[in-house]
Amino acid sequence: MKRFFLTTAIDYVNSRPHLGTAYEKITADVIARYKRLSGIETHFLMGNDEHSQNVYKRALERGVDPRVYCDQMEQEFRTVWKQLDISFDDFIRTTEPRHKAAVQKLAQRCFDKGDIYEGQYEGWYCVSCEAFKQEKDLVDGKCPLHPTLTPEWIREKNYFFRLSKYRDALLEHFRAHPDFLRPDNRRNEMLRLLESGLDDISVSRAGQLWGIPLPFAPENVVYVWFDALINYAAAVGYATDDARFEKWWPADLHVVGKDITRFHTVVWPAMLMSAGMALPGQVFGHGFVNFGGQRMSKSLGTSLDPSDVAQRFGPDPLRLYMVKEISYGGDGDFSWERYEERYNVDLANNLGNLVSRLAAMAEKYRGSRLSPTGSGGRLAQVADAALTRYRASMDGFALHDGAAAAFQIIDAANEFIAETAPWTLARAGGDAGRLDEVLFEVAEALRVAAVLLRPIIPGSAAEILQRVGDTTPPGALRLERDGRWRADGVRQIAKGSPLWPRVEGAGSGGGGPVAFAEASAPKEGPPLRQPTLQQSAYVEAGLQTRLTQEIIVEEKPIGATGAPDVSVTKPAEDTRISINDFMKVDLRVARVLEAEAVPKSKKLLKLKVDTGTDQRTIVAGIAEAYQPEQLVGRTIVIVANLQPAKLMGVESNGMVLAASPDGGKPTLIGFDEAVPPGSRVR
Ligand code: MSP
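Residues numbered from 1 in each chain as written. Predicted model: local features only at pLDDT ≥ 70, side-chain atom pairs only at ≥ 80, totals over all residues. Heavy atoms only, no water.

Novice: How should helix H5 (residues 167-176) be read in this particular structure?
Specialist: Since the α-helix turns once every 3.6 residues, residues separated by three or four places project in the same direction. Regarding H5, the residues found buried are Leu170, Leu171, His173 and Phe174. With its buried residues spanning 160° around the axis, H5 presents them on a single face. Turned more than 90 degrees from where H5 packs its buried face, Asp168 and Glu172 sit exposed. Looking at the buried positions of H5, the neighbouring elements they touch are strand S8 (181-182), helix H6 (184-195) and helix H10 (261-275). (Buried < 20%, exposed > 50% of the residue type's maximum accessible area, 1.4 Å probe, protein only. Helix = DSSP H or I, 4+ residues; strand = E, 2+ residues; numbered from the N terminus. Arc of directions from axis to C-beta. Contact = heavy atoms within 4.5 Å.)

Novice: Where do I start with the site of the ligand in this structure?
Specialist: In the vicinity of the ligand lie 24 residues, with Ile10, Glu24, Asp49, Asp259 and Val289 positioned nearest. In the model, an oxygen atom of the ligand is placed 2.9 Å from a nitrogen or oxygen of the glycine 257 main chain. Within the side chain of aspartate 259, a nitrogen or oxygen atom sits 2.5 Å from an oxygen atom of the ligand. Protein chains shield 93% of the accessible area of the ligand, which is 650 Å² for the free molecule. Only strand S2 (11-12), helix H1 (19-37), helix H7 (224-229), helix H8 (231-235) and strand S13 (253-257) provide two or more residues apiece to the shell around the ligand. In terms of residue class, the shell around the ligand is built from 12 nonpolar, 8 polar and 4 charged. (Near = heavy atom within 4 Å. Polar contact = N/O pair within 3.5 Å; in protein donor to acceptor, adjacent residues only side chain to side chain. Areas by Shrake-Rupley, 256 points an atom, 1.4 Å probe, with all protein chains shown as cover. Nonpolar A, V, L, I, M, F, W, Y, C, P; charged D, E, K, R; others polar.)

Novice: In this structure, what is going on with a nonpolar patch on the surface? I would like to understand it.
Specialist: Taken together, the side chains of Ile577, Phe582 and Met583 define a hydrophobic patch exposed on the protein surface, amounting to about 260 Å² of accessible area. Taking relative accessible area as the criterion, isoleucine 577 reaches 57% and is therefore assigned exposed. (Patch = residues over 30% accessible without salt bridge, like charges linked within 9 Å, V, L, I, M, F, W, Y side chains within 5 Å. Salt bridge = Lys/Arg side-chain N within 4 Å of Asp/Glu carboxyl O.)

Novice: Sorry if this is basic, but what is going on with the pattern of salt bridges here?
Specialist: Opposite charge on two side chains makes pairing possible when the charged atoms of those side chains draw close. With the rule as written, the count across this model stands at 51 salt bridges. Two residues, aspartate 331 and lysine 258, come together in a salt bridge whose shortest N-O distance is 2.9 Å. Separated by 73 residues along the polypeptide, aspartate 331 in the loop between helix H12 (315-324) and strand S17 (332-334) and lysine 258 in the loop between S13 and H10 bring together distant segments of the chain. Looking at aspartate 331, the relative accessible area reads 45%, which means it is partly exposed. Three or more residues are tied together by salt bridges with common partners; here these are Lys324, Glu325, Arg338, Glu341, Arg342 and Asp346.

Novice: How do you make sense of the sheet that holds strand S23 (residues 605-610) when you look at a structure like this?
Specialist: Hydrogen bonding along the main chain pairs the strands of a sheet, whether they run parallel or antiparallel. Strand order in the open sheet made by the 5 strands is S24-S23-S22-S25-S28, with antiparallel pairing throughout. Lying at the two open borders of the sheet, with one neighbouring strand each, are strand S24 (615-620) and strand S28 (655-656). Sheet analysis places strand S22 (residues 587-597) next to strand S25 (residues 635-639), joined by 5 bridges and oriented antiparallel. Paired with arginine 588 across the bridge in S25 is isoleucine 638. (Pairing = 2+ DSSP bridges.)

Novice: Sorry if this is basic, but what is going on with the packing of H1 against H12 here?
Specialist: Two numbers describe a pair of packed helices, the interaxial angle and the distance between the axes. Contact pair H1 / H12: the axes reach a minimum separation of 10 Å and the direction vectors enclose 85°. If you check the angle between H1 and H12, you find them roughly perpendicular. Only Leu318, Arg319, Met322 and Val323 of H12 make contact with H1, whose side of the interface consists of Leu19, Tyr23, Ile26, Asp29, Val30 and Arg33. Classifying every residue of the contact of H1 with H12 by side-chain character gives 7 nonpolar, no polar and 3 charged. (Axes fitted to C-alpha atoms, helices over the stretch in contact; angles between N-to-C directions. Parallel < 35°, antiparallel > 145°, perpendicular 65-115°, else oblique.)

Novice: Explain the pairing of S13 here, please?
Specialist: Walk down a regular strand and you will see the side chains alternate between the two sheet faces. Summarising burial for S13: 5 of the 5 residues are buried, a large majority. Alternating residues of S13 divide into Leu253, Val255 and Gly257 and His254 and Val256, and every residue in both groups is buried. Taken together, the 3 bridges between strand S1 (residues 3-8) and S13 define a ladder with parallel strand orientation. Along S13, the bridge assignment pairs leucine 6 with leucine 253. Here 5 bridges tie S13 to strand S14 (residues 282-286), and the two strands are oriented parallel to one another. Paired with histidine 254 across the two strands is valine 283, which belongs to S14. Crossover S13 to S14 through H10 is right-handed. (Right-handed = clockwise from strand over helix to strand, strands pointing away.)

Novice: Which parts of the structure should I look at to understand helix H14 (residues 378-395)?
Specialist: In this model H14 runs 26 Å from its N-terminal to its C-terminal C-alpha over 18 residues, within 8% of the 26 Å that 1.5 Å per residue would give. Along H14, the residues that are buried comprise Leu379, Ala380, Val382, Ala383, Ala386, Leu387, Tyr390, Ser393 and Met394. Seen end-on, H14 carries its buried residues on one side only, within an arc spanning 150°. Set apart from the buried face of H14 by more than 90 degrees, the exposed residues are Gln381, Thr388 and Ala392. One or two steps after H14, the chain reaches phenylalanine 397, where phi turns positive at roughly 60°. (Expected span 1.5 Å × (residues − 1).)

Novice: Could you clarify how one ought to interpret the side chain of asparagine 158 in this entry?
Specialist: Position of asparagine 158 among the secondary structure elements: in strand S7 (residues 152-161). Under the relative-accessibility criterion, asparagine 158 is labelled buried at 0%. Within the local environment of asparagine 158, its side chain forms a polar contact with the side chain of glutamate 156, the two groups lying 3.0 Å apart. Look past the residues within four positions of asparagine 158 in its chain and what remains in contact with it is Tyr117, Glu118, Gly119, Tyr121, Phe132, Ser202, Ser204, Arg205 and Ala206.

Novice: I keep staring at the pairing of S7 and nothing clicks. Help me out?
Specialist: Of the strand pairs in this sheet, strand S5 (residues 116-126) and S7 are connected by 10 bridges, and their pairing is antiparallel. Looking at S7, one finds that tyrosine 117 is bridged to phenylalanine 160. Here S7 pairs with strand S9 (residues 201-202) via 2 bridges, running antiparallel. Bridge pairing links phenylalanine 160 to serine 202 in S9.

Novice: How should I be thinking about the nonpolar core in this particular structure?
Specialist: General note: in soluble globular proteins, nonpolar side chains tend to be found buried as a group. Judged by nonpolar contacts, the single largest core of 108 residues is most densely connected at Ile31, Trp81, Leu84, Leu318, Phe334 and Leu351. Per-element tally for this core: the top contributor is helix H17 (residues 432-453), with 14 residues. The contact partners of leucine 351, leaving out residues within four places of it in the chain, are Asp346, Phe407, Ile410, Leu446, Leu453, Ile457, Ile464 and Trp500. Membership of the second largest hydrophobic core comes to 72 residues, among which are Phe5, Val103, Leu191 and Phe216. (Core = buried A, V, L, I, M, F, W, Y, C linked by side-chain atoms within 4.5 Å.)

Novice: Teacher, can you tell me more about the sheet that holds strand S11 (residues 213-214) here?
Specialist: The antiparallel open sheet is built from 3 strands, whose spatial order is S10-S12-S11. Lying at the two open borders of the sheet, with one neighbouring strand each, are strand S10 (204-206) and S11. As paired elements, S11 and strand S12 (residues 217-222) share 2 bridges and run antiparallel to each other. Along S12, the bridge assignment pairs proline 213 with valine 221.

Novice: For this particular structure, what's the right way to read the environment of phenylalanine 245?
Specialist: On the secondary structure map, phenylalanine 245 appears in helix H9 (residues 242-248). Given the relative accessible area of 16%, phenylalanine 245 is considered buried. Each C-alpha atom of the pair phenylalanine 245 and alanine 234 lies 8.5 Å from the other, and the pair is 11 residues apart in sequence. If sequence neighbours within four positions are ignored, phenylalanine 245 has contacts with Ala233, Val236, Gly237, Tyr238 and Met277.

Any functional reading would require information that these geometric values do not contain.
Structure representation (C-alpha cells):
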C-alpha cells in the first residue's frame, strides 16, 4: 500500500495561531485528506516550536515556568486546530523527550562527521525570526519582516555547521529533482541562492538556559532552527523507534511558508546529508495571507484570530475560502467583506441552495425516494470531466483549482435545474419519466461534488452525502470508486435545515454577530419578497432559487432590465461602498444592433448590442418607453459583467442603464458626443 508522510511547519508558541499560520494548517489538512481519500495511508504531522527565545521571554513576562506556559499554549493550539477540523495524526512539541533524543543524535552525527566546528559569531540577530542576519538583509537597520523591532548585535562563541560544504550536492539535488521545491518561483529563488554560494551557519547559542544542550558541548544549547527542523524525523521515531522511522522516513512533503523555504530546502537537506539520512521528497512553499491588504503580524497589530473567523460561519466556509480564493503557492488576502461575499455566493446561493432545492423537489414530487433511470446525461459528462480536472489539480497542489473543479459540477447542476424546469415536468401533462431522470441526476451530481469536496469542507460534505442518501462512512470514501458517476442505487433524500443561511449586511466586517437573512424560517434558501405569479410556482413547490438566475420573471416594476429583484431588506447601516467595490462593476458603452419585443411581455425588449469586444443579447425593461426601431443604432450604457439571467425565457447577458423615476417611464442614459462601443464608463 502506498504511504504518504506530510508535515507543516511547527509554530512558535509566543502567541496564539493567527489566520496566516492557520492557512498553512488548513491547506496541509486538505492535502492529507485528499491523500486518504485517494486510498493512500497517510501520516500528517503538526506541532509546536517551543525553544524560541520569544517563548521563553513571554513565559517570564507572564510569570510562569516556560514549560507550564508551553503546556498551556499546546492546549490553545489544539483547540484552534480542532475548531478548524484539522486532522493531524501526530502533534510534536520540541520539549518532548523523543525530540531531544533525535536532536542530540543528529547533532552528534554531524559533529562526528567533522561538519560542526567551534568558532566566533559576531553580527545581527532578529529574535522574531530567530535568525542570524547579515547587514545586507536589513532595511534601515531593521529586519524587513519585523520593522518595529531592533535586531540584536551578538558576539559569542558558537558552533558552526559546514553548510558551504554541501552547496554542490544541494545544487545537484535540485537539478536531479525538479519537483523538490514547488512552486517554481521559489525553486528559482533557491537555485539563485545556491549558485551565489553558501556560508556556514551557527548552530548553537551560548549562555542560554532554554533549549537542548549540544551533546558534545553541553554548556551551549542547540540553535532553535537546527533544533526545530529535526522534529520531522523525531516524530516518526528517529533515535527512539527504528521500525517506525523505517516505515515513515523520508517525509514525502513539507508544507511551509515562503519565508522559511530556505531553512527547509537548503539547511535541512544539508543536515540530513551530513547525518547520512534520506532527503524529503518535496517541499511546498505556500504564499502569505494578508488581512485587508496588510501583512498579518502580531507586532503590527494586523493579525486575525482564526477562532473568531471560524465562529462566524463554522470551519468549512473558512476552509473553502482559504482553498478556493487563494491560488495555492501565491499570496492571498482575507477581508470580512470578501469572506461574506464568497459565503453568500458559493455556499448560501450555490451549493446550499442546490441541496435544499433537491430535497424539496424530491420530497414534493417523489416522496424523497429517487430511482435510477439511465446511464446519466450531460451532468454525468460534466462530473467525469470535473473528476479528471480535480485529480490533476490536487495531485499538482493546485488546490484552488481542485475546489473549482468540484464547483463546476455544482454550477452545472444548478443550470440543469433551470433548463429542465422540473416543476413544469411535474405538472399535469408534463413528463414524469424525464422528471425521474432529472431528479436522480441532480442527486448524483451533488453526491459526486460532495465526495470531491470532502477534503476541503469535510463536515459539510459528510452532511450533504448523508442528505443525498450515501451511507458510506465518510472515512471509508475512496475517490476512485466514489468520485465516479453512478447510475444505480435508489436514493433516499433527507431534508434538513439550510446548511448556510444567506447572510445580510455583507461588508459590515469586524467579526461581529451575523445577521442571517431569515435565521429560522427559510427551508429552501434565501427568502423572496412577495412572489410574482410566475415565481409562485416555485414558492408553492418550496423551490426557491438562486438570486439572479433562473427565476421565470414576468412583468415587475424594476430596473431597466427587468432583472429579478429578490433582494431582502438590509439592516440600517452605512451602505456606502468602496471605490474597489464600484470598480467591480464593468460599465461599458455599447451600440444597439437589433431590437425586438419579447413575446407576451409588455415591458421587455430583446436587444442585440455591440460591446466593442462581442455581440450579445440583453433583455431590457424599456418597452413602455421605447419602440424597438427607435433603438437600433443608439449608443447606450450597459453593465457588462453581470451574470446571465433568464427573463421570460430569454437569456440576458448584461443590463442596460436608464433613469427610472418613481411611477415614470425609463429614460436611457446617453452622451453629448459620439463615444465608441467598448469605452469604459466610470
Ligand atoms: N517555528 C518556525 C517554523 C519551524 S519549522 C521546522 C516558524 N514558526 S511561525 O509560527 O513563525 O510560522 C509557522 C508557519 O506559518 C510558517 O510556515 C510561516 O511561513 C507560516 N506563516 C506565518 N505567517 C503567515 C501568513 N501571514 N500567511 C501564511 N503563512 C504564514 O516559522
